[in-house]
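# Structural overview for review
Single-letter residue listing:
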Amino acid sequence: MLFNTATRTKEEFKPIRKNSVLLYSCGPTVYDHAHIGNLRSYLVPDLIRRLLLRSGYTVKHTINVTDFGHLTDDGDDGEDKIMKGMRREGYEITLENMRSFAEPYIASFRKDLADFGNLEPTDLTRASDYVAEQIKIIETLIEKGYAYEASDGVYFDVGKFPSYGVLGNVDIEQLRAGARVEVNPEKRHPADFALWKNASLGWKSRFGIGFPGWHIECTAMAFATLGKQIDIHTGGEDLMYTHHNGEIAQAESVTGKQYVRYWLHNAFVTVSDDRMAKSKGTGIRLEDLAARGFSPTDYRYWLLTSHYRSPVNFTFEALEAAHQALTRLKRFVYIDCADVRASYPHEKYEHAFLKTISDDLDTPKALAVLWELMKDQTVTKEQKLATLHTYDAILSLGLCDTVTEGQAALGHLETKTAPEEVQKLLAEREKTRAAKNWLRADQLRDEIEAHGYTIDDTPSGPRLSRTASDA
Ligand code: AMP
Ligand code: ZN
């Protein structure tokens, strides 16, 4: 079951094709690094993809990066975000420089996705690689009478697409009433949106030199990498009103067929109950979390504790609680079960987990099932381990690593970021242990524990972890 924004109901998932599923996710505008709020919008398709893989489907998943043409206002106004970023970094504005400016942000996005535990998208497309395809669609829209040329570019004529605004129930007549007076007088309707913007710089087209509009790029990349009809399209909830309604109008006017079967939108990660955003100075990155001793999977676990359609407020206290819960799990897997061989998954718990997570990705309930399993004294360690492995094939929390890798990851961050006092005690304990002074070593362990840290002596050395509270 998936909650489809287009119908505002939970629907049974039925793929368009028999064995394969086509999935498209709107990616970042690469004028800066992604923040951890953005990652919520890539967690959703990753969970879906993993669930579908488990059900035996092959899944093609495209994520795009917008490397030009996304204005600071989601409509047709404002400044181009990429050019703004280029000016910030002192770049001369040229098409080649636009490409180079984006490179490090694309690389850091790839790295964030991998660190966050996501499967690599089958295609990570750059909008600037698909300009010819975008121009072609615009030409078709003009030929078919859905678009018209104005002195500053080409516009989509929403009046020709009566069902415009399905997502988020957008009423275009209200848009007309609320339109500002300075709205472009050449537009036939204030909700008409730019397919092409003329500019002094840009690509050559039969409409002049300039840039494709923001919405057309996703339609072109979805068509090119997946096809004309896709199963699932995802993005943050801000995208539904303008960007995704625009995509539907363009695509369906070209093909005459339904563009997307299921639209999924995630709610925001907030800070002090306001949307996390780079522009507001609240954009925290994964590496900021690492500097404070939190791993990307701690953050992933924290995201999973809430439902993707509910807004969720980020605090370090909440992340600490997630960290402790995940550490408890990892200690079970990599320390308590270091010598245990996983047997076979526990049928009841495996079924309960799949049932909850398949219900519109109800991850909070799925985690509740996980903790029920952990507490169940009648299930053997061998079976718990095997069941956790099946859970992790969907959740991707790093519970399927080798014992050596798992142990290394467990204490790695904490050992690096523990307070100096704790580091000193740890070093002293190592010396005492080398001198086989076990009594003193035990006293030092107690002192370290009094600072809120647990030590695990693993073959690759001692590992610190912040003590998980039993709350
Ligand atoms: P952007 O780089 O702003 O184009 O955003 C990339 C993706 O992240 C889009 O799907 C946005 O809707 C989503 N997004 C942006 N900010 C947040 C946030 N604070 N919480 C969750 N998703 C977000
Ligand atoms: Zn998009």
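Scope of this entry: the structure provided in the associated data block. Given the structure is predicted, the values throughout are model-derived calculations rather than measurements.

Further remarks concern the sheet that holds strand β12 (residues 269-271). Reading across from one edge, β13-β12-β14 is the order of the three strands in this open sheet, with mixed pairing throughout. Looking at which strands have only one partner, the edges of the open sheet turn out to be β13 (274-275) and β14 (312-313). Note that β12 and β14 share two bridges and pair parallel. Across the sheet, residue Val-269 finds its bridge partner in β14, namely Val-312.

Near ligand 1, the surroundings consist of 19 residues, among which Gly-37, Gly-236, Asp-238, Val-269 and Met-276 are the closest. With respect to ligand 1, the backbone of Gly-37 contributes an N or O atom lying 3.3 Å from a nitrogen atom. Contact between ligand 1 and Met-276: a nitrogen atom at 3.0 Å from a main-chain N or O atom of the residue. The protein chains hide 94% of the 480 Å² of surface that ligand 1 would expose on its own. Those elements giving two or more residues to the shell around ligand 1 turn out to be α1 (36-54) and β10 (230-236).

This part covers the pairing of strand β4 (residues 58-65). Within β4, six of the eight residues are buried, leaving the element largely enclosed by the surrounding structure. Bridge count between strand β3 (residues 20-25) and β4: six bridges; the pairing is parallel. Residue pairing across strands places Ser-25 opposite Ile-63, the latter belonging to β4.

Note: most peptide bonds trans; most residues except glycine with negative phi. Unlike most non-glycine residues, Arg-8 shows phi in positive territory, near 55 degrees. Mapping Arg-8 onto the fold places it in the loop between β1 (2-4) and β2 (9-11). Its relative accessible area of 41% is what places Arg-8 among the partly exposed residues. You will see that Leu-361, though not glycine, has its phi angle at about 50 degrees, which is positive. Structurally, Leu-361 can be placed in the loop between α11 (347-357) and α12 (363-375).

A separate point is the packing of α11 against α12. Here α11 crosses α12 at 165 degrees, and the two axes come no closer than 7 Å. By the angle between their directions, the pair α11 and α12 is classed as roughly antiparallel. For the pair α11 and α12, the sense of crossing is right-handed. Residues Tyr-349, Ala-352, Phe-353, Thr-356 and Ile-357 of α11 form the contact with α12, whose own contacting residues are Thr-363, Lys-365, Ala-366, Val-369, Glu-372 and Leu-373.

Rules used in this analysis
Residues numbered from 1 in each chain as written. Chains lettered and ligands numbered in written order. Predicted model: local features only at pLDDT ≥ 70, side-chain atom pairs only at ≥ 80, totals over all residues. Heavy atoms only, no water. Pairing = 2+ DSSP bridges. Helix = DSSP H or I, 4+ residues; strand = E, 2+ residues; numbered from the N terminus. Near = heavy atom within 4 Å. Polar contact = N/O pair within 3.5 Å; in protein donor to acceptor, adjacent residues only side chain to side chain. Areas by Shrake-Rupley, 256 points an atom, 1.4 Å probe, with all protein chains shown as cover. Buried < 20%, exposed > 50% of the residue type's maximum accessible area, 1.4 Å probe, protein only. Axes fitted to C-alpha atoms, helices over the stretch in contact; angles between N-to-C directions. Parallel < 35°, antiparallel > 145°, perpendicular 65-115°, else oblique. Left-handed = near helix turned anticlockwise from the far one by under 90°. Contact = heavy atoms within 4.5 Å.

These figures capture arrangement, not role.
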